[in-house]
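Listed here are the chains, written in short residue letters.
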Amino acid sequence: MDTRPVIVVHGGAWAIPDDLAERSKIGVKNAATCGFSILANGGSSLQAVEAAVRILEDDTAFDAGHGAVLNADGDVELDAIIMDGKNLAVGAVSCIKNIANPVMFARTVMEQTPHVMLTGTGANKFAEKIKFEKTPTRELVTENAVKEWEQYQKYKQSVTSLFNTERMHDTVGAVAIDSKGNTACATSTGGITNKMVGRVGDSPIIGSGAYADNFTGAVSTTGHGESIMKVTLARQVLFNMEKGETPERAADQALEYMKNKVHGRGGLIVVSKSGEWAARFTTKRMAWASVENRILNYGLNPGEKFQEKLDL
Ligand code: GLY
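This one's a predicted model, so the numbers in the text were calculated from it and none came from an experiment.

**A look at the sheet that holds strand β10 (residues 277-281)**
Reading across the sheet, the four strands line up as β7-β8-β9-β10 and stay open at both edges, with antiparallel pairing between neighbours. Among the strands making up the open sheet, the edge pair consists of β7 (210-213) and β10. For this sheet, the mean inter-axis angle between neighbouring strands, taken without regard to orientation, is 5°. Pairing geometry for β7 and strand β8 (residues 217-223), over four bridges, is antiparallel. Each bridged residue has a counterpart across the sheet, and for Ala212 the counterpart in β8 is Ala218. Here helix α8 (residues 233-242) sits on the sheet in contact with β7, β8 and β9 (266-272), set at roughly 140° to β8.

Rendered as structure tokens:
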């Protein structure tokens, strides 16, 4: 019997200022709707999560691809991962430049190299070799990203001083299960404003920024990268589910553990092998949307859940 397809996406945790709130909601709704239409037409969960994340990377409301935040040099360095829960195939890229859709490039690394992750100059060399589309940095940089970076420079704020307070936005991601019961996940980010050149966050790290295994389900995370890596947040959620917890409780327990153990905050989306899903966060806001049975759910503030019927 076919599995009921489900997709969940997020547009990042943290405060998300009011002037970005509406655009963030529209963005996650668009990405979830596009991903679901792929699933409804018989597409795979891998295709759905890649397409959903590409839409979020192209949307300047989010910290990924176009709209990514700037590092200490005012430059853009991007991280991404994609993982197939059917066979644990995975591709990741970190610290890459001049690529507007890092999730697509991560999938290329998965499918066209014997490796799991390429980083920095080596990754960009590979992109040149295969003639992967190159995008000038200036086209990825938004006014908002420059403003945020200038604030850090002006007040000499350290990266950590702003954590758990009013950071603007973070990372995008998607998880899905298709009609064959295959799960997949993808995560993409510009990281954190004013990060050291060469800093890699949680997003491209297997088990931290994302994990998918048909045995349990799929997870994509967002939030304070250094904390997420310390507790391997994505895998922790699946461990909790393997002990019998529902996706929602598994997510809450993992986020609580991260808060208590390393004082880190964040958010995540998860789908189980039977299509149960959750979108949970310990930051002020997280933009998220899901589609199942042609019903679109979405939210931004804690406890919020709006619903629309899709006419697909
Ligand atoms: N969660 C994104 C980062 O810290 O890089």
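**Details of the environment of Asp59**
Looking at the secondary structure, you find Asp59 in the loop between α2 (45-58) and β2 (78-84). Sequence-distant contacts of Asp59, that is, excluding residues within four places in its chain, are made with Arg23, Gly27 and His66.

**A few points about unusual backbone geometry**
Backbone geometry places Asn194, a non-glycine residue, at a positive phi of 70°. Note on Asn194: relative accessible area 15%, which makes it buried. For Asn293, which is not glycine, the phi torsion reads 50° and is therefore positive. Structurally, Asn293 can be placed in the loop between β11 (288-292) and β12 (295-299).

**Side note on the nonpolar core**
As a rule of thumb, soluble globular proteins bury nonpolar side chains together. Core analysis: the largest hydrophobic core is formed by 54 residues, its most contacted members being Ile7, Val9, Ile82 and Phe105. Tallying contributions element by element places helix α1 (residues 18-40) first for this core, with seven residues. Grouped together as the second largest cluster of nonpolar side chains are 36 residues, Val8, Ala212, Ala250 and Trp288 included.

**Concerning empty space enclosed by the protein**
Taken as a whole and judged by the stated rule, the model has two cavities of 30 Å³ or more. Roughly 40 Å³ of internal volume is contained in the largest cavity. For the largest cavity, the full set of lining residues is Asp170, Thr171, Thr189, Gly191, Ile192, Arg199, Gly201, Asp202, Ser203, Gly223 and Gly225. The residue makeup of the lining of the largest cavity, split by class, is one nonpolar, seven polar and three charged. Lining the second largest cavity are Thr60, Gly67, Val69, Thr142, Asn144, Ala145, Glu148, Met168 and His169. Residue classes in the lining of the second largest cavity are distributed as three nonpolar, five polar and one charged.

**Some details on the site of the ligand**
Taken together, the residues surrounding the ligand are Asp170, Thr171, Thr189, Gly191, Ile192, Arg199, Gly201, Asp202, Ser203, Gly223 and Gly225. Between the ligand and the protein, one listed contact pairs a nitrogen atom with a backbone N or O atom of Gly223 at 2.7 Å. A distance of 3.0 Å separates an oxygen atom of the ligand from a polar atom in the backbone of Gly225. Coverage of the ligand by the protein amounts to 100% of the 190 Å² it exposes when considered alone. Among the cavities detected, the one that contains the ligand is the largest cavity. By residue class, the composition of the shell around the ligand is one nonpolar, seven polar and three charged.

**Quick look at the layout of surface pockets**
The computed volume of the largest pocket comes to approximately 300 Å³. Around the largest pocket, the lining is made up of 15 residues, and of these Glu248, Ala279, Arg280, Trp288 and Gly303 lie nearest the centre. The leading source of residues in the lining of the largest pocket is β10, at five residues. For the lining of the largest pocket, the class distribution of residues is seven nonpolar, two polar and six charged.

**A closer look at a nonpolar patch on the surface**
Together, Val116, Met117 and Ile206 line one region of the surface with nonpolar side chains, adding up to about 210 Å² of accessible area. Within the secondary structure, Met117 is located in strand β4 (residues 117-119). Given a relative accessible area of 33%, Met117 falls into the partly exposed group.

The rules behind the values
- Residues numbered from 1 in each chain as written.
- Predicted model: local features only at pLDDT ≥ 70, side-chain atom pairs only at ≥ 80, totals over all residues.
- Heavy atoms only, no water.
- Pairing = 2+ DSSP bridges.
- Helix = DSSP H or I, 4+ residues; strand = E, 2+ residues; numbered from the N terminus.
- Axes fitted to C-alpha atoms, helices over the stretch in contact; angles between N-to-C directions.
- Contact = heavy atoms within 4.5 Å.
- Buried < 20%, exposed > 50% of the residue type's maximum accessible area, 1.4 Å probe, protein only.
- Core = buried A, V, L, I, M, F, W, Y, C linked by side-chain atoms within 4.5 Å.
- 1 Å grid on protein atoms, 1.4 Å probe; cavity = no way out; pocket = protein on both sides within 12 Å on 5 of 7 lines; lining within 4 Å.
- Points joined across faces, edges and corners; volume = space filled by probe spheres on them.
- Nonpolar A, V, L, I, M, F, W, Y, C, P; charged D, E, K, R; others polar.
- Near = heavy atom within 4 Å.
- Polar contact = N/O pair within 3.5 Å; in protein donor to acceptor, adjacent residues only side chain to side chain.
- Areas by Shrake-Rupley, 256 points an atom, 1.4 Å probe, with all protein chains shown as cover.
- Sits in = over half its atoms within 2 Å of the grid points.
- Patch = residues over 30% accessible without salt bridge, like charges linked within 9 Å, V, L, I, M, F, W, Y side chains within 5 Å.
- Salt bridge = Lys/Arg side-chain N within 4 Å of Asp/Glu carboxyl O.

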